[in-house]
Amino acid sequence: MKARRQRGFSLLELLVTLFVVVLVTSMVTLNIGAGDRDILLRAAVEALADNASYALDEAQFTGMNYGLMLHRENEAGQWRYRFDWWEQTPVGWRPPASGKDVFAPGELPAGLDLQLELDGLVQEQELLMSNSQAPQPQILLYASGETLPGAIELRDSEDGEVLWRIEWGLLGDFQVLPAGEPLEQPNL
C-alpha cells in the first residue's frame, strides 16, 4: 500500500484567504462606523427636546425664566453647533445655579446645518454666532409655562436633506420628528 502524503495549504491560498477576511472585516467596520453620526445625532436631538421640556417645567416650579442659546462655531474649518442653557436673574443671564446635569452644555455632530424658526419666522444665521460677552438665548422658556412657538430643523450640510426637526407650541410640547415628518394634526 502506498502511503498518502499529507498536503497543507500553499502560501498563495493563505494570502488569498487572509485578504478576503481583511476585506470583509473592513466593509463591516465601515458600515458600522457610518451609523455613528446618525446615532449621536438622534441622541442629541432627543436629549435637547427632553431637556427643553424639563426646563419649561422647571421654570414654572422655580418661577425663573430659562433660555436656550444655540451657537455656531468654526472648529478646524468645519462648522459645529453647540447649545447652552441659561437662567434669567435680575442682573442678566447666567448658567443655571441648580447645577443639574440636564442643563449641561451640549453639541451636535459636525456636518449639519441648523435652521431656527421662531413664531413662524426663520432666524438669521448671524444670531447663531458665538457671543460669549453678552449671552442672549434665542429660545425663552418663561416661568408662566409659555414659550414662543418654533422649530429647529437639522439638515445634512452636504446635500441639504432634512434629518431631524424639533417643533414646539406656545405651551411647549416639544416633539422630535425624524426626517422632517410633519406633525399629525388632531381631528376636530
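These remarks concern the structure in this document.

Scoring rules and cut-offs
- Residues numbered from 1 in each chain as written.
- Predicted model: local features only at pLDDT ≥ 70, side-chain atom pairs only at ≥ 80, totals over all residues.
- Heavy atoms only, no water.
- Helix = DSSP H or I, 4+ residues; strand = E, 2+ residues; numbered from the N terminus.
- Buried < 20%, exposed > 50% of the residue type's maximum accessible area, 1.4 Å probe, protein only.
- Contact = heavy atoms within 4.5 Å.
- Areas by Shrake-Rupley, 256 points an atom, 1.4 Å probe, with all protein chains shown as cover.
- Pairing = 2+ DSSP bridges.
- Phe/Tyr/Trp six-rings, centres within 6.5 Å; stacked < 30°, edge-to-face > 60°.
- Salt bridge = Lys/Arg side-chain N within 4 Å of Asp/Glu carboxyl O.

Considerations on the overall build of the chain
Stage number 1. Summing up its helical and strand segments, the chain has two helices and ten strands in all.
Stage number 2. Mapped in sequence order, the helices and strands of the chain form the string α-α-β-β-β-β-β-β-β-β-β-β.
Stage number 3. For the chain, buried positions account for 34% of its 188 residues.
Stage number 4. Sequence separation of 24 or more characterises 56% of the internal contacts of the chain that already satisfy a separation of 6 or more.
Stage number 5. Looking at the chain as shown, the accessible area adds up to about 12,500 Å², and 56% of this sits on carbon and sulfur atoms.

Comments concerning the pairing of strand β2 (residues 78–89)
Stage number 1. With nine of its twelve residues buried, β2 lies for the most part within the structure.
Stage number 2. Pairing between strand β1 (residues 66–75) and β2: ten bridges, direction antiparallel. Bridged to Glu75 within β2 is Gln78.
Stage number 3. The hairpin formed by β1 and β2 contains two residues between the paired strands, and Ala76 there has a positive phi angle of roughly 55 degrees.
Stage number 4. The pairing of β2 with strand β4 (residues 106–107) spans two bridges and is classified as antiparallel. Its bridge partner lying in β4, Arg82 is registered against Glu107.
Stage number 5. Sheet analysis places β2 next to strand β3 (residues 92–94), joined by three bridges and oriented antiparallel. Within β3, the residue paired with Glu87 across the bridge is Arg94.

Structural notes on the packing of aromatic side chains
Stage number 1. This structure, assessed with the given rule, holds four aromatic pairs.
Stage number 2. Taken together, a centroid distance of 5.1 Å and an interplanar angle of 10 degrees make the contact between Tyr66 and Phe103 stacked. Of this pair, Tyr66 sits in strand β1 while Phe103 sits in the loop between β3 and β4, placing them 37 residues apart in sequence.
Stage number 3. Note on Tyr66: relative accessible area 1%, which makes it buried.
Stage number 4. Following the ring pairs from residue to residue traces out a cluster consisting of Tyr54, Tyr66, Trp85 and Phe103.

Re the pattern of salt bridges
Stage number 1. A full pass over the atoms with the stated rule returns eleven salt bridges.
Stage number 2. For the salt bridge of Glu73 with Arg82, the shortest nitrogen-to-oxygen distance reads 2.8 Å.
Stage number 3. Taking relative accessible area as the criterion, Arg82 reaches 19% and is therefore assigned buried.
Stage number 4. Residue Glu153 pairs with Arg155 through a salt bridge whose shortest N-O separation is 2.8 Å.

Here's the deal with the side chain of Asp156
Stage number 1. Tracing the backbone through its elements, the reader meets Asp156 in strand β8 (residues 150–156).
Stage number 2. Judged by relative accessible area, which is 15%, Asp156 ranks as buried.
Stage number 3. Dropping the residues within four chain positions of it, Asp156 is found in contact with Arg37, Gly111, Asp113, Glu161 and Leu163.

Focus: the pairing of β1
Stage number 1. Taken across its ten residues, β1 has seven buried, putting it largely inside the fold.
Stage number 2. Where β1 meets strand β7 (residues 139–141), three bridges bridge the pair, whose relative direction is antiparallel. Along β7, the bridge assignment pairs Leu68 with Ile139.

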